[in-house]
Amino acid sequence: MKCMMIAGCLLLVQPAMAATQQDAEGTLAKAVSAEAEADRLGNRWVPTETALKAAQTALAAQKWNEAQDQAAEALALALRSIEQSHEQATAWRDAVVR
Amino acid sequence: MIVRLALIVLAPVLAVFAVAGATAATAPDTSDPLADQRAFQAYFTDKFPDVKKSDFANGPYAVNAGMRKQWEEIMAFPPYDFALDEGRTAFETPFANGRTYADCFPNGGIGIRQNYPYFDTKTAQVVTLDGAINACRTAHGEKPLPYSTGMMASITAFMSETSRDKPFNIVIPDDPKAKAAYEAGKQFFYTRRGQLNFSCASCHAGAAGARMRGDVLAPGLGILAAFPIYRSDWGSMGTIDRRFTTCSAQMRSVPLPPQAEAYRNLEYFLAYMSNGIPISGPGTRP
């Protein structure tokens, strides 16, 4: 039991697996693609653009972990903006003053 | 990282609760601009029963006594006066070919601001006053002006001043494309966008008159009447395009280029909603 608890604690404090160049580039490609879709829907978000630029800068500086984190953030933001556009395609009518 | 991503996902949900929306009921999928206009105007006159309808031309000053007092003192020396003088001079100065702005507009460009924007049935596009000014320039061999500030704001300040107290008189011609442009503007006004999940209506309908940090949110009715404006926050004059782009950025939405079709349609919708409200521009805002 004691060994299991120690092992568990070690797992908790163990740093996340370091990202590779391939990881960061793959996530960034997904984020860029999602942001292109957000653009097509006319709904790019400012923080998505900021995160994309930060990811590209980190990638150029060979900081793979940072690039991976920023690209993941950009991807999450871009996906949410797409979701928002789809929701609002009809939901806006419910807000009309009448 | 997990906390940041959670915040990204939750922020729009929280924003929905933070800012009250306008009336929430399922709307019929029909287009009746006049019925929309009546409902829109009634919404604001009911919300602010002590405000005279024409006073909605004065934006937040119509609905907040403290701000109005400060504004009245500011107006002893209107900060847009320099732009008015510059605009008048530019308006009257001939182009290189000897023609002037007056040659491009009905009534020589005097007292016509209340009729803009209008729908041009030939091009099937909404034409704003700012767009017409640049069309005039290019037609006479001059370079177009930047849309957001500077000389464009000065010339529209002069033209607006010649229309003061004339009520908005926006026409939607009997043309399906005109109605489509109006509907697109209406959709833009009510659509939530950006990371904060706000629509134009979030601030300028549901929360009109409330405070957003240091600002009092202007009612949507009459919101374009005072443009162009000298805004203390900017420290300079700005056009409707400048206001639209800064509003977009404040919602954490990437702004569209000035005079984008979506912005022109939005201007068309908002101006039509304000029919009957007098032009008060140029104006000043905090």
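Residues numbered from 1 in each chain as written. Chains lettered and ligands numbered in written order. Predicted model: local features only at pLDDT ≥ 70, side-chain atom pairs only at ≥ 80, totals over all residues. Heavy atoms only, no water.

Visitor: Help me out: how do you make sense of the overall build of chain B in this one?
Guide: The helix and strand inventory of chain B stands at 10 helices and 7 strands. For chain B, with 286 residues in total, the buried portion stands at 55%. Restricting to contacts in chain B with at least 6 residues of sequence separation, those with at least 24 account for 71%. (Helix = DSSP H or I, 4+ residues; strand = E, 2+ residues; numbered from the N terminus. Buried < 20%, exposed > 50% of the residue type's maximum accessible area, 1.4 Å probe, protein only. Contact = heavy atoms within 4.5 Å.)

Visitor: I keep staring at unusual backbone geometry and nothing clicks. Help me out?
Guide: Most peptide bonds adopt trans geometry, and most residues besides glycine take a negative phi value. Note that the residue after Tyr116(B), namely Pro117(B), is joined by a cis bond; omega there is 0°. Phi at Gln62(A) is positive, roughly 60°, even though this residue is not glycine. Secondary-structure assignment places Gln62(A) in the loop between helix H3 (46–60) and helix H4 (64–91). The exposure class of Gln62(A) is exposed, given its relative accessible area of 58%.

Visitor: Help me out: how do you make sense of the layout of surface pockets in this one?
Guide: Any space left empty among the atoms is revealed by the rolling of a water-sized probe across them. All names here are of chain B. In this structure, the largest pocket spans a volume of roughly 920 Å³. Lining the largest pocket are 35 residues, with His 204, Leu 217, Arg 243, Cys 247 and Gln 250 positioned closest to its centre. At the level of elements, helix H7 (176–190), helix H8 (200–206), strand E4 (215–216), strand E5 (229–231), helix H9 (240–250) and helix H10 (261–273) are the ones that each hand at least two residues to the lining of the largest pocket. Here the element with the most residues in the lining of the largest pocket is H9; it accounts for 5 residues. Of the residues that constitute the lining of the largest pocket, the class distribution is 23 nonpolar, 5 polar and 7 charged. (1 Å grid on protein atoms, 1.4 Å probe; cavity = no way out; pocket = protein on both sides within 12 Å on 5 of 7 lines; lining within 4 Å. Points joined across faces, edges and corners; volume = space filled by probe spheres on them. Nonpolar A, V, L, I, M, F, W, Y, C, P; charged D, E, K, R; others polar.)

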